[in-house]
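Results of the structural survey
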Amino acid sequence: MVRALNGRIFAILLVACMAAGCDDDITTTPITPTAPITETFSGRVAQSGSSMHNFSTSTSGAIVATLKEIGTDNTLVVSFALGTWTGSACSLVLENPAATGGAILTGTMTGAGTLCVRVGDQGNIPASQPASYTIEVTHPS
């Protein structure tokens, strides 16, 4: 019986030593955030019209859209909006209906997707002279 007990103790000690020798550390690879991308869109918007541009993100993060220039002196009042592209239209999420040059819209994307930025006339653009604009959008890649 002593011999059987010694065999069991030896087996238990062997299993304990093997378990102690196992490496239970979990190795993780740090996620390196990608640098944001800045895109510039420009065009012209006519009286009672609007113009839209799409852009895509593959990850979550901050979205900052800036109406850098509108009209000849940046004082023209227009609608400036940021939204989600539905495949056929821009579904507005954030809007400044009285934006002038320098207006900023800030949001957060929670995952990958296609977004849109839009500038539109609010009745202030003359029929004979469409307004030029420049929009800058910074977003995750």
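Refer to the preceding data block for the structure.
Residues numbered from 1 in each chain as written. Predicted model: local features only at pLDDT ≥ 70, side-chain atom pairs only at ≥ 80, totals over all residues. Heavy atoms only, no water.

**Quick look at the environment of Pro 140**
For the record, the criterion: Helix and strand assignments come from DSSP, with helices taken as H or I runs of at least 4 residues and strands as E runs of at least 2, each series counted from the N terminus. Three labels apply to residues, based on accessible area from a 1.4 Å probe with only protein chains included: buried if under 20% of the type maximum, exposed if over 50%, partly exposed otherwise in between. Contacts are residue-level and defined by heavy atoms, with any inter-residue pair within 4.5 Å sufficient.
Structurally, Pro 140 is set in the segment after strand S8 (131-139). Looking at Pro 140, the relative accessible area reads 8%, which means it is buried. On a C-alpha basis, the gap between Pro 140 and Ile 63 in space is 7.3 Å, while along the polypeptide they are 77 residues apart. The residues contacting Pro 140, other than those within four sequence positions of it, are Ser 56, Thr 57, Thr 59, Ser 60, Gly 61, Ala 62 and Ile 63.

**Details of the nonpolar core**
Among soluble globular proteins, nonpolar side chains are generally buried collectively. Selection rule: Put simply, buried Ala, Val, Leu, Ile, Met, Phe, Trp, Tyr and Cys residues joined by side-chain atoms within 4.5 Å make one nonpolar core.
Counting residues in each nonpolar core, the largest one holds 23 residues, and the members touching the most others are Phe 55, Leu 67, Ile 70, Phe 80, Val 117, Ile 135 and Val 137. At the level of elements, strand S1 (37-45), strand S3 (61-70), strand S4 (78-85), strand S6 (104-109), strand S7 (113-121) and S8 are the ones that each hand at least two residues to this core. Apart from the residues lying within four places of it in its own chain, the contact partners of Val 137 are Ile 37, Thr 38, Glu 39, Phe 41, Phe 55, Ile 63, Val 64, Ala 65 and Val 117.

**Regarding the sheet that holds S6**
So the rule is basically this: Being paired, for any two strands, means DSSP has found at least two bridges between them. In this description, a line fitted to the C-alpha atoms serves as the axis of each element, helices being fitted only across the stretch in contact, and the angle between N-to-C directions of two axes falls anywhere from 0 to 180 degrees.
The four strands lie next to each other as S1-S8-S3-S6, forming an open sheet whose pairing is antiparallel. Edge strands, defined here as strands with exactly one partner in the open sheet, are S1 and S6. Direction aside, neighbouring strands of the sheet carry axes that sit 20° apart on average. Pairing between S3 and S8: six bridges, direction antiparallel. Looking at S8, one finds that Leu 67 is bridged to Ile 135.

**Quick notes on the side chain of His 53**
Short version of the rule: Between N or O atoms, a polar contact is any pair within 3.5 Å; within protein, one atom must be a potential hydrogen donor and the other a potential acceptor, and residues adjacent in sequence are included only when both atoms are from side chains.
Mapped onto the elements of the fold, His 53 is located in strand S2 (residues 50-57). Residue His 53 is classed as buried on the basis of its relative accessible area of 16%. In this structure the side chain of His 53 is engaged in a polar contact, spanning 2.7 Å, whose partner is the side chain of Tyr 133. Each residue touching His 53, except ones within four places of it in the same chain, is listed here: Phe 41, Ser 42, Leu 115, Cys 116, Val 117 and Tyr 133.

**Considerations on the pairing of S4**
A regular strand places its side chains on the two faces of the sheet in alternate fashion. Here S4 lies mainly inside the structure; six of its eight residues are buried. Counted along the chain from S4 to the antiparallel partner strand S5 (residues 90-99), the turn is four residues long, and its residue Gly 87 has a positive phi close to 105°. Relative to S7, S4 runs antiparallel, the two being bridged by seven bridges. When the sheet's bridge partners are listed, Thr 84 is paired in S7 with Leu 115.

**Observations regarding the sheet that holds S4**
The four strands lie next to each other as S2-S7-S4-S5, forming an open sheet whose pairing is antiparallel. In this open sheet, the two edge strands, each paired with only one partner strand, are S2 and S5. Ignoring which end each strand starts from, the neighbouring axes of this sheet average 20° apart.

**Side note on the state of the cysteines**
Rule in force here: In this description, a disulfide is simply a cysteine sulfur pair whose atoms lie within 2.5 Å.
Considering all chains together, one arrives at one disulfide under this definition. Each disulfide pairs two cysteine sulfurs, and for Cys 90 the partner residue is Cys 116, the sulfurs being separated by 2.0 Å. Between Cys 90 and Cys 116, the disulfide has an S-S torsion of 90° and is therefore right-handed. Of this pair, Cys 90 sits in strand S5 while Cys 116 sits in strand S7, and the two are 26 residues apart along the sequence.

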